[in-house]
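Chain by chain, the residues:
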Amino acid sequence: MERTSSQKAPEMKRRGFVKAALPFGDIFVIKVGTSSLVRPEQQTLNLTNLARICETIKLLKSEGHHVIVVTSGAVGVGCQRLGLTTKPTVLAKKQALAAVGQVHLMKYYEDFLAALGLTCAQVLLTLDNLANRSQYLNARNTFTELLAYGVVPVVNENDTVAVQELRFGDNDTLSAQVAALVQADWLFLLTDVDCLYTANPKDDPSAVPIYEIEDISRLNADTSTRGTQWGTGGMATKLTAGRIATAAGCTMVICNSNTPENIVRIVKGEPRLGSKFFPLPHCLKGRKRWILSVPVRGQLTLDAGAVHAVRDKHKSLFAAGVTRVTGTFHSQDCVSLCDASGVELGRGLVNFSSEEVSAVAGSSKGKPMADQLGFPTMDEVVHRENIVLLASEMDSDEDPSASSSTPNGVYKGEVTSEAALRAAEAAIILQDLAPC
């Protein structure tokens, strides 16, 4: 019996929605930080750097690749336009400066890229946009069409309304989430250092550069480097971006913005030009890829037994394994799952509010949650199907150790009839049309 359609559907799932629409060339996301765009000594825009970055984009495009730029610098450019020597600390002032600077920042990108024969588009996002499923899908579809047209999307946080931007820092997290959204092959974080070091080289002459990172969860590096007065990022935010990007199957590189042409050399395999973070062996797909984009509202600290069950056995998280609740969150918000030392091992959509989890944290395994909370409910604090692991023990969408039920009680058994086979094929395609 012919199974042509059933063979094509898994292939589409493997490649994903964006890759199926853009079958040729790799997808690059290049994040340009404020420190790469603003000269702190003259408090002016670094046009030399911006021109070299745009020339690198042109080179990548000429080789058949797709490029997205995630740019910071709107506040810095706004300060320059208004003649301010220091960046204000009041949120409303920062947002006003971002409104001034964004217009001029895009004008520079438009002028440089147009001079190279390229067309750019402005895309303003917030983390909450990506947390909403329908907006997430719309953003993915828009990026796909822009790249199919050959356009270079220039992305920035919508600073005038996004309070979270000024806490997450210099668009590192946003760039990783965009990379996950579009199923990017490469994420380049251009910054003012050459690579990641074991210690701050400005303070410790024995600091050693780290050029390749295969498992970010076991990385021993200095993250004390803070952003400049014009930027808000630092090395810690870049490692957070690395966890998100590598979990989504993207290779991430930290390299110096003064030599953006090194991007092409790195892609061709030339070593020691930056710190390369390799993607995890089982990248996330479908719904779990979307969970990476949901803003984290709180943190659950797990005991050793819960860490082993969630990370190594791909089990759900129960109240007995929770030792501490941090932050304020509601049911179906995203929370960070951490071990006793504070290392993040995963993220998940929680089934209860922070008050409810605090009330039952560390409770006996034998007592159902419904009895403890006083209303009918499930026992899992976070169901395994709603957990995304950020370590080398990454889970895929299919859990070999799991039972056959999902949070909705759908049986995932063997397909035995032709009608059921066609339904399964449609489900595969629909899963890829869902957030991925």
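Computed from a predicted structure; not experimentally measured. (Residues numbered from 1 in each chain as written. Predicted model: local features only at pLDDT ≥ 70, side-chain atom pairs only at ≥ 80, totals over all residues. Heavy atoms only, no water.)

**Regarding the pairing of strand S6 (residues 152–157)**
Right, on to step 1. The buried count for S6 comes to six of six residues, which makes it a mostly enclosed element.
Right, on to step 2. Neither face of S6 is exposed, since Val152, Val154 and Asn156 on one face and Pro153, Val155 and Glu157 on the opposite face are all buried.
Right, on to step 3. Note: strand S5 (residues 120–125) against S6, six bridges, orientation parallel. For Cys120, the partnering residue across the bridge sits in S6 and is Val152. (Buried < 20%, exposed > 50% of the residue type's maximum accessible area, 1.4 Å probe, protein only. Helix = DSSP H or I, 4+ residues; strand = E, 2+ residues; numbered from the N terminus. Pairing = 2+ DSSP bridges.)

**Things to note about the environment of Ala179**
Right, on to step 1. Within the secondary structure, Ala179 is located in helix H9 (residues 172–181).
Right, on to step 2. Taking relative accessible area as the criterion, Ala179 reaches 1% and is therefore assigned buried.
Right, on to step 3. Taking the C-alpha atoms as reference points, Ala179 and Ile27, 152 residues apart in sequence, are found 8.6 Å from one another.
Right, on to step 4. Sequence-distant contacts of Ala179, defined by excluding residues within four places in its chain, comprise Val29, Ala184, Leu187 and Cys250. (Contact = heavy atoms within 4.5 Å.)

**What to know about helix H13 (residues 304–312)**
Right, on to step 1. Listed in full, the buried residues belonging to H13 are Ala306, Val307, Ala309 and Val310.
Right, on to step 2. The inward-facing, buried residues of H13 abut strand S13 (296–302), strand S14 (317–318), strand S16 (334–338), strand S17 (344–349) and strand S19 (387–389).
Right, on to step 3. Backbone nitrogen of Gly305 and a side-chain oxygen of the N-cap are separated by 3.2 Å at the start of H13; the cap is Asp303.
Right, on to step 4. One or two residues past the end of H13 sits His314, with phi positive at roughly 60°. (Polar contact = N/O pair within 3.5 Å; in protein donor to acceptor, adjacent residues only side chain to side chain.)

**A word on unusual backbone geometry**
Right, on to step 1. Of note in the backbone geometry, His314 takes a positive phi value of approximately 60° without being a glycine.
Right, on to step 2. Relative to the elements of secondary structure, His314 occurs in the loop between H13 and S14.
Right, on to step 3. Not every positive phi belongs to a glycine, and Gln332 is a case in point at roughly 75°.
Right, on to step 4. Residue position: Gln332 is located in the loop between strand S15 (322–326) and S16.

**Considering the confidence of the model for the protein chain**
Right, on to step 1. Chain-level statistics for the protein chain give a pLDDT mean of 82 and a share of 80% at 70 or above.
Right, on to step 2. Low pLDDT, under 50, characterises residues 1–14; the predicted model gives this stretch 16 contacts beyond four residues in sequence or across chains.
Right, on to step 3. Note on residues 165–169: pLDDT under 50 across the span, and 13 contacts to partners over four residues away in sequence or across chains. (pLDDT = per-residue confidence, 0-100.)

**Re the packing of aromatic side chains**
The way to describe two aromatic rings as a pair is by their centre distance and the angle between their planes.
Right, on to step 1. Counting across every chain of the model gives three aromatic pairs.
Right, on to step 2. With 6.2 Å between their ring centres and 10° between their planes, Phe28 and Phe188 make a pair best called stacked. Here Phe28, found in strand S1 (residues 27–32), pairs with Phe188, found in strand S7 (residues 186–191); they are 160 residues apart in sequence, far enough to count as distant. Of the two residues, Phe28 and Phe188, both sit in the buried class.
Right, on to step 3. Taking relative accessible area as the criterion, Phe188 reaches 0% and is therefore assigned buried.
Right, on to step 4. The rings of Phe28, Trp186 and Phe188 are connected pair by pair, giving a single aromatic cluster.
Right, on to step 5. The ring of Trp290 carries Arg133 above its face, with NZ or CZ at 4.3 Å from the centroid.
Right, on to step 6. Here the guanidinium or amino end of Arg140 rests over the ring plane of Phe17, the centre of that ring lying 3.9 Å away. (Phe/Tyr/Trp six-rings, centres within 6.5 Å; stacked < 30°, edge-to-face > 60°. Lys NZ or Arg CZ within 6 Å of the ring centre and 35° of its normal.)

**What about the environment of Cys195?**
Right, on to step 1. Take Cys195: it is sitting in the loop between S7 and strand S8 (196–197).
Right, on to step 2. Owing to a relative accessible area of 2%, Cys195 belongs among the buried residues under this scheme.
Right, on to step 3. Considering only alpha carbons, one finds Cys195 and Tyr211, 16 residues apart in sequence, at a separation of 7.0 Å.
Right, on to step 4. Look past the residues within four positions of Cys195 in its chain and what remains in contact with it is Pro209, Ile210, Tyr211, Met235, Ile254, Gly274 and Ser275.

**Thoughts on the sheet that holds S15**
Right, on to step 1. If you walk across this open sheet you meet the five strands as S15-S13-S16-S17-S19, and the pairing is mixed. Every other strand in the sheet has two partners, leaving S15 and S19 as the edge strands with one partner each. Direction aside, neighbouring strands of the sheet carry axes that sit 25° apart on average.
Right, on to step 2. Examined bridge by bridge, S16 and S17 share five bridges and lie antiparallel to one another. By the bridge assignment for S17, Val335 is matched with Gly348.
Right, on to step 3. Where H13 meets the sheet, it contacts S13, S16, S17 and S19, and its direction lies at approximately 115° from that of S13. (Axes fitted to C-alpha atoms, helices over the stretch in contact; angles between N-to-C directions.)

**Considering the packing of H9 against helix H10 (residues 235–247)**
Right, on to step 1. Following both chains from N to C, one finds H9 and H10 inclined at 10°, their axes separated by 8 Å at the closest point. Between H9 and H10, the angle is such that the two are roughly parallel. Of H10, the residues touching H9 (which contributes Asp172, Thr173, Ala176 and Gln177) are Thr237, Lys238, Thr240, Ala241, Ile244 and Ala245.
Right, on to step 2. Split into classes, the residues belonging to the contact of H9 with H10 amount to four nonpolar, four polar and two charged. (Parallel < 35°, antiparallel > 145°, perpendicular 65-115°, else oblique. Nonpolar A, V, L, I, M, F, W, Y, C, P; charged D, E, K, R; others polar.)

**Some thoughts on the environment of Leu22**
Right, on to step 1. On the secondary structure map, Leu22 appears in the loop between helix H1 (4–21) and S1.
Right, on to step 2. Among the residues examined, Leu22 registers a relative accessible area of 4% and is labelled buried.
Right, on to step 3. When the C-alpha positions of Leu22 and His66 are compared, they lie 8.8 Å apart, and in sequence the two are 44 residues distant.

**Let's talk about the sheet that holds S1**
Right, on to step 1. Taken in spatial order, the eight strands of this open sheet run S5-S6-S4-S1-S7-S11-S12-S10, and their pairing is mixed. Single-partner strands in this sheet number two, and they are S5 and strand S10 (212–213).
Right, on to step 2. Note that strand S11 (residues 251–256) and strand S12 (residues 275–277) share three bridges and pair antiparallel. Within S12, the position partnered with Ile254 by the bridge is Ser275.
Right, on to step 3. The sheet contacts of helix H7 (residues 133–148) involve S1, strand S4 (66–71), S5 and S6, and relative to S5 the element is tilted by about 170°.

**Notes on the packing of helix H3 (residues 47–62) against helix H5 (residues 91–115)**
Right, on to step 1. The interhelical angle for the contact between H3 and H5, taken along N-to-C directions, is 50°, at an axis separation of 9 Å. Classified by the interaxial angle, the pair formed by H3 and H5 is oblique. The hand of the H3/H5 crossing is right-handed. On H5, the residues touching Leu47, Leu50, Ala51, Cys54 and Ile57 of H3 are Tyr108, Tyr109, Phe112 and Leu113.
Right, on to step 2. When its residues are assigned to classes, the contact of H3 with H5 shows nine nonpolar, no polar and no charged. (Left-handed = near helix turned anticlockwise from the far one by under 90°.)

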